[in-house]
2 protein chains.
Amino acid sequence: MSKKIIYLDHNATAPVRAGIKEAVLPYLNSAFGNPSSIHALGREAKRDLERAREQVAGFIGAPLTNVFFTSGGTESNNLAILGAARFAKKKGKGNHLITTAVEHDAVLTTCKYLEQNEDFELTVLPVDQYGMITVDQVVEALKDNTILVSVMMANNEIGTFLPIKEIGTILREKDILFHTDAVQAMNTYDVNVSQLPVDLLSLSGHKIGALKGIGALYVRSQVRLHPLQHGGEQEMTLRSGTENLIGAVSLGKACELTAQDKKEKRDQLKQLRDCLWKGIQSSIEDVSVNGAPEARLINTLSVSFKGAEGEAILLALDMAGVAASSGSACASGSVESSHVLEAIGLPEDLAENTVRFSLGYSTTQEEIDHVLEILPQLISRIRLANG
Amino acid sequence: MSKKIIYLDHNATAPVRAGIKEAVLPYLNSAFGNPSSIHALGREAKRDLERAREQVAGFIGAPLTNVFFTSGGTESNNLAILGAARFAKKKGKGNHLITTAVEHDAVLTTCKYLEQNEDFELTVLPVDQYGMITVDQVVEALKDNTILVSVMMANNEIGTFLPIKEIGTILREKDILFHTDAVQAMNTYDVNVSQLPVDLLSLSGHKIGALKGIGALYVRSQVRLHPLQHGGEQEMTLRSGTENLIGAVSLGKACELTAQDKKEKRDQLKQLRDCLWKGIQSSIEDVSVNGAPEARLINTLSVSFKGAEGEAILLALDMAGVAASSGSACASGSVESSHVLEAIGLPEDLAENTVRFSLGYSTTQEEIDHVLEILPQLISRIRLANG
């Protein structure tokens, strides 16, 4: 990073938090033990791994033994869905899955893989203009052979919260497994599994300032999964492979730090996000915000600038030292229009005119002011060029 | 690590190499971009990821586009086997797999999972007293429905090299996929896919001094796999999930450094290992070495001390500041006797009397001398106690 960048792409990945570097430095030096080794170095590694697990468990109000480390949010989602679906099908419990049209690809593509390759049935629930589904939609989609429902906590592109608690309550009565992808919510929203009727919940490290390559899956007691990968039986046989110790330590520490920010800084974060939107609205014509007006992630602002190509806006912002994104960064360098914007019924041209600003706890008023200073002219120029 | 430890457990995990810390520090600071983001930070991350891929590809003589990052050796083995087997079965090419009795659990358990859960047939080839198989054994085991053979390059517990080149040559003629787990060989042996008839080859980061949580899989052109996890289509859709950038950079750098050591330091490494064995042999009665006499990893020494419990030896060594192991550290804290020692026909009591010393490029003559100084008395004491 050669110059100071105004980073408004926290939903793609967050900067490594202050405090993480110090926490992980020992694992770049002498603390290199394998947690499975029985000698002193191994025991120290095991102790540090379990301390990290405690921090993650504490962050989501889970018992220690229900938290399993993975290589990231994508693996957590895959392990939850593939693992639960394969186990249930093998036991003859059914083969029908339900999810929504606005899930992250790590959920949606995974469900479709099962439908196309392993004889599962899949219902993808449509959403309304805000990206919402109703509990009734889920209930109506249930069949005798339904084994798993996966609904995200909050959408990564437009920020809309989905009615997890209500859905989970009904599914628990009916004894149907419920998974939620909490990857995008965990940074700003209090995710507490002791108060949420979920069986499986996915977390990611790099979205809260830990390293890339680490995540976790909460698995409620008694819920059984087929592992995705087999071997040395680490993570209580659910996830074999030498543990990513430096990653786990970074995730534990980031959980601890994020819990503090969520208390102290979230009002300020929401205020900055709202300030950005008000500024855009008052200085630029023909703009609209995507996602639920109220029940929306406090750091997320998806804006459609009618008549201005999103890609052109991003490139111009990039030239001006501002990092934002179109849809999800996870669609690997893709500038295709987003399945989420399509699902909320945004016309294709407006979807292509969309930019996602996602703020973080380190975002400042000065940064927002600067963006608001350059954005109107930048949009005008692009609209002129687009003709 | 509170005191200086003599570390002779490199096959479990290697110390983070000098030079790795400096290489990865930027990713704990400002270089936090998501390689899938199109802005400057994302593009820088992508560039660094691809540079790391070049280093790994160069290390094994592979084209850049045939190297895929994974979360480690276990995932690489699982992706190779599950991915190739599921793809071939779906295409109606067959459902028979062949492997050996001395594979790492990440191969053996994975093959057994397919046998038990997905209607595959499995042949596990027995080995001789050295842990060897013959090419004829493989040929005899082939059936019309054989789709994949997985044979490790060198065994992680006893060090024996298996006849990869000969097996691969025959399988290529017959158009049957061939996977090899090169995880334990890559540190000391020249692994070059341009000279080896393999279709899939697994690598691990932490065995050569990179971080834990990163590995790679070589996939020959035209070989198709089902992904293990689905989502944002990273790694050319073979391995979705935000890339572990810091891990990939550490692996690239470790490959570069290891290539140098393999040239410069391997004679010295073999000499130290042989010195350890000669010293043990000349000072302690009733000892035997496991594995092939000659075709064996130059850093690995598996010794059975008749009448002395391996676990007791390890604990006493640990107290004396020496780290070694019984079988594979990957069997998660397990002190069960090893499936490898069982496969070579070692009687159960002798298997339980076994210690694996695995040296690294940083091992010194002084360290070996010190171990040889304390070991005879230590073994005597344990034999007396066990006696």
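Residues numbered from 1 in each chain as written. Chains lettered and ligands numbered in written order. Predicted model: local features only at pLDDT ≥ 70, side-chain atom pairs only at ≥ 80, totals over all residues. Heavy atoms only, no water.

The next point concerns the overall build of chain A. The secondary structure content of chain A amounts to twelve helices and twelve strands. Expected size for 387 residues packed as a compact globule is a radius of gyration near 21 Å; at 21 Å, chain A falls within 12% of this value. For chain A, with 387 residues in total, the buried portion stands at 64%. Sequence separation of at least 24 residues holds for 76% of the intrachain contacts in chain A that already meet a minimum separation of 6. With the model as given, the accessible surface of chain A reaches about 14200 Å², and the carbon-plus-sulfur share is 49%. Across chain A, the 37 positively charged side chains and the 47 negatively charged ones have centroids separated by 6 Å. (Helix = DSSP H or I, 4+ residues; strand = E, 2+ residues; numbered from the N terminus. Rg over C-alpha atoms; globule rule 2.2 N^0.38 Å. Buried < 20%, exposed > 50% of the residue type's maximum accessible area, 1.4 Å probe, protein only. Contact = heavy atoms within 4.5 Å. Areas by Shrake-Rupley, 256 points an atom, 1.4 Å probe, with all protein chains shown as cover. Lys, Arg positive; Asp, Glu negative; His and termini not counted. Charge placed at Lys NZ, Arg CZ, Asp CG, Glu CD.)

On the surface, Glu309, Glu311, Glu342, Glu348, Asp349 and Glu352 of chain A cluster together to form a negatively charged patch. With respect to the helices, strands and loops of the structure, Asp349 of chain A is situated in helix 11 (residues 348–351). (Patch = residues over 30% accessible without salt bridge, like charges linked within 9 Å, V, L, I, M, F, W, Y side chains within 5 Å. Salt bridge = Lys/Arg side-chain N within 4 Å of Asp/Glu carboxyl O.)

All names here are of chain B. With respect to topology, seven strands assemble into an open sheet ordered 2-8-7-6-5-3-4, the strand pairing being mixed. Two strands bound the open sheet, and with one partner strand each, they are strand 2 (67–70) and strand 4 (121–125). Across this sheet, the average inter-strand angle for adjacent strands is 20°, counted without regard to direction. Running at roughly 160° to strand 7 (residues 200–204), helix 3 (residues 73–90) makes contact with strand 2, strand 3 (96–100), strand 5 (146–150), strand 6 (177–181), strand 7 and strand 8 (215–219) of the sheet. Contacts between helix 4 (residues 105–117) and the sheet are confined to strand 3, strand 4, strand 5 and strand 6, with strand 3 contributing the most and set at about 155° to the helix. (Pairing = 2+ DSSP bridges. Axes fitted to C-alpha atoms, helices over the stretch in contact; angles between N-to-C directions.)

Residue and element names in this part refer to chain A. Annotation of chain A at the domain level lists domain 1 (6–14 + 262–385) and domain 2 (20–257). In this structure, domain 1 and domain 2 have C-alpha centres spaced 28 Å apart. Across the contact, 31 residues belong to domain 1 and 33 residues belong to domain 2. When domain 1 packs against domain 2, close to 2500 Å² is buried across both sides, 53% of that on carbon and sulfur atoms. Here domain 1 is connected to domain 2 by two salt bridges. Between Asp190 and Arg266 there is a salt bridge whose closest N-O contact spans 3.0 Å. Counting across the domain 1 and domain 2 interface gives 17 residue pairs in polar contact (both at pLDDT 80 or more). For the side of domain 1 that touches domain 2, the secondary-structure elements that each account for two or more residues are helix 8 (266–283), strand 10 (300–305) and helix 10 (339–343). A breakdown of the residues in the side of domain 1 that touches domain 2 according to their chemical character gives 15 nonpolar, twelve polar and four charged. (Domains from an automatic or database assignment. Buried area = accessible area lost by both parts, 1.4 Å probe. Polar contact = N/O pair within 3.5 Å; in protein donor to acceptor, adjacent residues only side chain to side chain. Nonpolar A, V, L, I, M, F, W, Y, C, P; charged D, E, K, R; others polar.)

Two side chains carrying opposite charge are able to pair once their charged atoms lie near each other. For the structure shown, the criterion picks out 38 salt bridges over all chains. A salt bridge links Arg220 of chain A to Asp199 of chain A; the shortest N-O distance between them is 3.1 Å. One end of the pair, Arg220 of chain A, is in the loop between strand 8 (215–219) and helix 7 (245–264); the other, Asp199 of chain A, is in the loop between strand 6 (177–181) and strand 7 (200–204), and 21 residues separate them in sequence. By relative accessible area, which is 6% here, Asp199 of chain A ends up buried. Note that Arg53 of chain B is salt-bridged to Glu50 of chain B, the shortest N-O span being 2.8 Å.

All names here are of chain A. Reading across from one edge, 2-8-7-6-5-3-4 is the order of the seven strands in this open sheet, with mixed pairing throughout. Every interior strand has two partners, whereas the edge strands, strand 2 (67–70) and strand 4 (121–125), have only one. This sheet shows a mean twist of 20° between the axes of neighbouring strands, independent of strand direction. As paired elements, strand 6 and strand 7 share three bridges and run parallel to each other. Looking at strand 7, one finds that His179 is bridged to Leu200. Lying over the sheet, helix 3 (residues 73–90) contacts strand 2, strand 3 (96–100), strand 5 (146–150), strand 6, strand 7 and strand 8, oriented at roughly 160° with respect to strand 7.

The next subject is the relation of the copies chain A and chain B. Superposition record for chain A on chain B: RMSD 0.0 Å, screw rotation 180°, translation along axis 0.0 Å. Viewed as a symmetry operation, the transformation between the two copies matches a two-fold axis. The fraction of interface residues of chain A whose copies in chain B are also interface residues reaches 100%, indicating that both copies meet through the same surface. (Least-squares fit on C-alpha atoms with pLDDT ≥ 70 in both.)

This part takes up the environment of Asn386 of chain A. All names here are of chain A. Structurally, Asn386 can be placed in helix 12 (residues 365–386). Judged by its relative accessible area of 38%, Asn386 is partly exposed. With 374 residues separating them along the chain, Asn386 and Ala12 place their C-alpha atoms 27 Å apart. Asn386 has contacts with Gly307, Ala308 and Glu309, leaving out every residue within four places of it along the chain.

All names here are of chain B. Structurally, Thr188 can be placed in the loop between strand 6 and strand 7. Classification of Thr188 as buried rests on a relative accessible area of 5%. Filtering out sequence-adjacent residues up to four positions away, Thr188 remains in contact with Lys262, Arg266, Leu269, Leu297, Ile298, Asn299 and Tyr361.

We now examine the interface of chain A and chain B. Facing 71 residues of chain A, the contacting portion of chain B comprises 71 residues. Summed over both sides, the interface of chain A with chain B buries roughly 6000 Å², with 59% coming from carbon and sulfur. On the surface where chain A and chain B come into contact, there are two salt bridges. For the side of chain A that touches chain B, the elements supplying multiple residues, two or more each, are helix 1 (20–24), helix 2 (40–60), helix 3, helix 4 (105–117), helix 7 and helix 9 (310–319) of chain A. Of the residues forming the side of chain A that touches chain B, the biggest block, seven residues, is contributed by helix 4 of chain A. In terms of residue class, the side of chain A that touches chain B is made up of 29 nonpolar, 29 polar and 13 charged.

All right, on to the packing of aromatic side chains then. By the definition in use, this model includes four aromatic pairs over all chains. Arranged with centres 4.7 Å apart and planes meeting at 85°, the rings of Phe32 of chain A and Tyr7 of chain B form a pair that is edge-to-face. One end of the pair, Phe32 of chain A, is in the loop between helix 1 and helix 2; the other, Tyr7 of chain B, is in strand 1 (residues 6–7), on a second chain. When its relative accessible area of 6% is taken as the criterion, Phe32 of chain A is described as buried. Among the residues examined, Tyr7 of chain B registers a relative accessible area of 5% and is labelled buried. A ring pair is formed by Phe161 of chain A and Tyr189 of chain A, whose centres lie 4.8 Å apart and whose planes are at 45°; its orientation type is tilted. Residue Phe161 of chain A is found in the loop between strand 5 and helix 6 (164–174), and its partner Tyr189 of chain A is found in the loop between strand 6 and strand 7; the two are separated by 28 residues along the sequence. (Phe/Tyr/Trp six-rings, centres within 6.5 Å; stacked < 30°, edge-to-face > 60°.)

For the rest of this paragraph, the subject is the side chain of Lys207 of chain A. All names here are of chain A. When you line up the elements, Lys207 lands in the loop between strand 7 and strand 8. Buried charge without a salt bridge: Lys207, with Asp181 as the nearest opposite-charge side chain at an N-O distance of 8.2 Å. From its side chain, Lys207 meets the backbone oxygen of Asn11 in a polar contact 2.7 Å long.

Residues and elements named next belong to chain A. Extensive coverage of strand 8 is indicated by the burial of five of its five residues. Side chains of strand 8 alternate between two faces, with Gly215, Leu217 and Val219 and Ala216 and Tyr218 buried alike. Direction of pairing for strand 2 relative to strand 8: antiparallel, over a ladder of four bridges. Counterpart to Phe69 in the pairing with strand 8 is Ala216.

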